[in-house]
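Structure at a glance
Residues per chain, in single letters:
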Amino acid sequence: MLPKKHDYELVIIGGGLSGLSAAVAAEQAGLAPLVLEKGHTLGGDGNYVEGALGVDSYLQQKEGIKIDRLKLLHEELQYSHYEANAAHLNKFINNSGATIDWLHDLGVKFAKVGAQGDSWPTIHSFAGGGHAAIQTLLKQVKKSEVVTEAKAARLLYQDGRVTGLTVADEATGQEQDVTAKNVILATGGYVDNPALVKQHQSFDDRLMAVSDGKSTGDGMQLAWEVGADHYRMGAIQYGGGAIYDRQLPPFMHMASQLAAAATQEAILWVNERGERFVNEDVNDNMCHAGNAILTQAKVYSILDQGTVDHLAKVGLYKELGNTPFSPAKLEKLPEEIENDLGHHAKYLTKGETLAELAAKLHLPALEETVASYNQLAAGGEDPVFGKAKQYLTALTTGPFYAVELGVGMACALGGLKVDTNNRVLNAHGFPIPGLFSIGNDAAGMLVGDTYAVTLPGSTAGYAAFSARNAVSTIAKN
Ligand SMILES: Cc1cc2nc3c(=O)[nH]c(=O)nc-3n(C[C@H](O)[C@H](O)[C@H](O)COP(=O)(O)OP(=O)(O)OC[C@H]3O[C@@H](n4cnc5c(N)ncnc54)[C@H](O)[C@@H]3O)c2cc1C
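Below: a short report on this structure. (Residues numbered from 1 in each chain as written. Predicted model: local features only at pLDDT ≥ 70, side-chain atom pairs only at ≥ 80, totals over all residues. Heavy atoms only, no water.)

Some details on the overall build of the protein chain
We apply this condition: Numbering of helices and strands runs from the N terminus, with a helix taken as a DSSP run of H or I at least four residues long and a strand as a DSSP run of E at least two residues long. For this measure, only C-alpha atoms enter the radius of gyration; the expected value for a globule follows 2.2 Å times N^0.38, where N is the number of residues. Exposure categories follow from relative accessible area, calculated using a 1.4 Å probe and restricted to protein chains: below 20% of the type maximum is buried, above 50% is exposed, and the middle band is partly exposed. In what follows, a contact means two residues having at least one pair of non-hydrogen atoms within 4.5 Å.
Across its full length, the protein chain holds 14 helices and 17 strands. Over its C-alpha atoms the protein chain spans a radius of gyration of 24 Å, differing by no more than 12% from the 23 Å that the globule rule assigns to 477 residues. Along the first, second and third principal axes, the C-alpha set of the protein chain runs to 70 × 50 × 40 Å. Going through the 477 residues of the protein chain one by one, you find that 58% of them count as buried. Expressed as a percentage of contacts within the protein chain between residues at least 6 apart in sequence, the contacts between residues at least 24 apart total 73%.

So, in structure tokens, the structure goes:
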């Protein structure tokens, strides 16, 4: 579809969490923007979000949660090796609580606030998930013109400023030029663009996007064409280990109990030689788990029948991370294993004995590794990698199973540099007049080479914060 008019005060490219937040903020500031969304539906990856970061929100005050902002800032800067932009991160943290309050005042409902693993207690979980939050935002979008199946194809640039853009109808290919005083890029980052992901230093075939498929890096490419700085490609938000399926797309395994057992129960992980290589409870931090998996050529999660029976009938060894709905047991696990074996799934291998499993997968050290691991389990201590003792469970009862692991990616940040008002900067470090960037497109400013799981909810919180930040600058001018 194409816009109704040819001239707008403000155009927002992307109808996801940040774009819709910007539309609402703009309406509150008296503007009636044009919102362009290239997909059929609105909300982008915002539909899948669990929660958003806030510091000193109404809910934290109610729960008596106090956070030392400067300590948090310094810890995050250390975590990113000072690759995060201190001024930008500081402004975000200082305004994040007010951003949660703003969403709450709009009607967005939060179920709880707290930590993930040993993180800061910053994540405000949306009641009903991200989809419910998006629907609430949409109800507040009243004066904006929202056009779906409308892709921003090129920015118009004249006399040193962005003056509008060319919109392409995704159905017909027809194009229309639109002038605008200000353009906000809110296109969700580049996780669905394999060529751009390849520019990330850790690129590996086992990296698999688990997203809506529309985050193809359009914002940064549009901005680069008009002189934006090619800022370093920042962190990819690894979702921890994932089943490495070469046939079905990764989201097909999102609700899989085999995936939960293999990636989140911290049992035994071995590499291409069958050697143990890390404390498997690294999965407390999904990005660290992703990094650790990528240090090896191949990774298999090893289960025995005793483990499968325990998880299915007795209960979990470890609460499932990053999900508010951790089940008490993995009751479907035996059935899933049977089904996958029946379909000859390449990621799952069974051996009646360890020797058979090792032979099938060419894992020369596997038998010795399991024997040593069982000794650690018997002693209740892991002096090798220091895994917590409650996750040391012996593997003794055949048959044995190996699940090959890759790494899921939820979003990719970086590529653009913005100032503390979310104005896009050129290679000289100065704003390109008329051009703003928000959400994942700008969130590379907050991270180093590893996404900050230590600050859970930071990308969703930033999507809403940066939207308001850009709009308030536009409204002031
Ligand atoms: C499964 C999953 C779970 C997640 N959970 C969390 C979480 O719990 N907490 C958290 O902080 N973050 C989470 N995230 C990260 C999430 O991506 C962000 O928090 C949030 O969606 C970022 O908002 P955004 O507006 O930048 O991107 P999106 O919400 O993805 O919106 C971008 C929109 O721009 C559109 N678009 C792209 N290019 C164009 C173009 N050329 N023209 C027009 N439209 C275009 C896209 O179609 C899309 O609708 C999760 C991501 C995934 C995939």
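What about the site of the ligand?
In plain terms, the rule: In this text, near means that some heavy atom of the residue lies within 4 Å of the molecule or strand in question. Any N or O atom pair separated by 3.5 Å or less is treated as a polar contact, with the protein-specific requirement of one donor-capable and one acceptor-capable atom, and with residues adjacent in sequence counted only for side-chain atom pairs. The nonpolar class holds Ala, Val, Leu, Ile, Met, Phe, Trp, Tyr, Cys and Pro. Asp, Glu, Lys and Arg form the charged class, and all remaining residues, Gly among them, are polar.
Close to the ligand lie 36 residues, the nearest being Ser18, Glu37, Asp218, Thr459 and Ala460. Between Gly43 and the ligand, the recorded distance is 3.5 Å, taken from a backbone N or O atom to an oxygen atom. In the model, an oxygen atom of the ligand is placed 2.8 Å from a nitrogen or oxygen of the Asn440 main chain. Mapped by element, the contributors of at least two residues to the shell around the ligand are α1 (17–28), β2 (34–37), β7 (150–158), β15 (400–414) and α14 (458–476). Of all the elements, α14 adds the most residues to the shell around the ligand, at four residues. Among the residues forming the shell around the ligand, the class breakdown is 13 nonpolar, 16 polar and seven charged.

Concerning the pairing of strand β11 (residues 233–243)
How we decide: At least two DSSP bridges between two strands are needed for those strands to be called paired.
Among the 11 residues in β11, 10 count as buried, and that is most of the element. Where β11 meets β15, seven bridges bridge the pair, whose relative direction is antiparallel. Looking across to β15, one finds that Ala242 is bridged to Gly406.

Examining the packing of aromatic side chains
The line we're drawing: Each Phe, Tyr or Trp ring, with Trp reduced to its six-membered ring, pairs with another whose centre is within 6.5 Å; inter-plane angles below 30 degrees give stacked pairs, above 60 give edge-to-face pairs, and intermediate values give tilted ones. In our convention, an over-ring charge means Lys NZ or Arg CZ found within 6 Å of a ring centre and within 35 degrees of that ring's normal.
According to the stated counting rule, one finds four aromatic pairs in the structure shown. Aromatic side chains Tyr462 and Phe465 sit 6.0 Å apart centroid to centroid with 45° between the ring planes, which places their arrangement in the tilted category. Taken together, the residues Tyr462 and Phe465, both in helix α14 and three residues apart, mark about one turn of the helix. Its relative accessible area of 4% is what places Phe465 among the buried residues. Taken together, the aromatic side chains of Phe92, Tyr462 and Phe465 make up a single cluster linked through ring pairs. Positioned over the ring face of Tyr391 is Lys318, at 5.5 Å from the centre of the ring.

Overview of the packing of helix α3 (residues 69–79) against helix α4 (residues 86–106)
For the record, the criterion: Each axis is a line fitted through C-alpha atoms, and for a helix only the stretch in contact is used; angles between axes span 0 to 180 degrees, taken between their N-to-C directions. Working rule for angles: under 35 degrees goes down as roughly parallel, over 145 as roughly antiparallel, 65 to 115 as roughly perpendicular, anything else as oblique. Each crossing gets its hand from how the near helix is turned against the far one by less than a right angle, where anticlockwise is left-handed and clockwise is right-handed.
Closest axis-to-axis distance for the α3/α4 pair is 11 Å, and the angle between their directions is 140°. If you check the angle between α3 and α4, you find them oblique. Taken as a pair, α3 and α4 cross one another with a handedness that is right-handed. Here α3 contributes Arg69, Leu72, Leu73, Glu76 and Leu77 to the contact with α4, which in turn contributes Ala86, Leu89, Asn90, Ile93 and Asn94.

Section: the environment of Ala355
One can find Ala355 in helix α12 (residues 354–361). Overall, Ala355 belongs to the partly exposed group, its relative accessible area being 37%. As for Ala355 and Phe400, which are separated by 45 residues in sequence, their C-alpha atoms are 9.7 Å apart.

Re the environment of Arg69
Among the secondary structure elements, Arg69 is positioned in helix α3. Measuring from C-alpha to C-alpha, the distance between Arg69 and Asn339 comes to 50 Å, with 270 residues separating the pair along the chain. Look past the residues within four positions of Arg69 in its chain and what remains in contact with it is Val55, Asp56, Ile93 and Asn94. Within the structure, Arg69 has its side chain in polar contact with the side chain of Asn94 (distance 3.1 Å).

Regarding α4
Cut-off, in case you're wondering: By this rule the span expected of a helix is its residue count minus one, scaled by 1.5 Å. A residue's bend is the angle separating two fitted axes: one through the seven residues that end there, the other through the seven that start there.
Compared with an ideal rise of 1.5 Å per residue, which puts 21 residues at 30 Å, α4 spans 30 Å between its outermost C-alpha atoms and is within 8% of the ideal. At Ser96, α4 shows its strongest bend, of approximately 45°. For α4, the full list of buried residues reads His88, Leu89, Phe92, Ile93, Ser96, Gly97, Thr99, Ile100, Trp102, Leu103 and Leu106. N-cap assignment for α4: the residue whose side-chain oxygen lies 3.2 Å from the backbone N of Ala87 is Asn85. Downstream of α4 by one or two residues, Gly107 has phi in the positive range, about 115°.

A look at a nonpolar patch on the surface
Here is the rule: To count toward a patch, a residue needs a relative accessible area above 30% and no salt bridge. Like charges then connect within 9 Å, nonpolar side chains (Val, Leu, Ile, Met, Phe, Trp, Tyr) within 5 Å. Note on areas: these come from Shrake-Rupley sampling with a 1.4 Å probe, and a residue is covered only by the protein chains present in the view. Each reported salt bridge corresponds to a side-chain nitrogen of Lys or Arg within 4 Å of a carboxyl oxygen of Asp or Glu.
Residues Leu248, Phe251, Met252 and Met254 make up a contiguous nonpolar surface patch of roughly 430 Å² in combined accessible area. Among the structural elements, Phe251 can be located in the loop between β11 and α8 (257–264).

Points about the pattern of salt bridges
This model, assessed by the stated rule, comprises 18 salt bridges. One salt bridge in this structure joins Asp204 and Arg206, with 2.8 Å as the shortest N-O distance. Arg206 sits in the buried class, given a relative accessible area of 4%. Across the salt bridge formed by Glu280 and Lys387, the nearest N and O atoms sit 3.0 Å from each other. Residue Glu280 is found in the loop between β12 (268–271) and α9 (286–294), and its partner Lys387 is found in the loop between α13 (366–379) and β15; the two are separated by 107 residues along the sequence. When sorted by exposure, Glu280 lands in the same class as Lys387, which is buried. Bridged by salt links that share partners, the residues Arg276, Glu280, Asp382 and Lys387 form one connected network.

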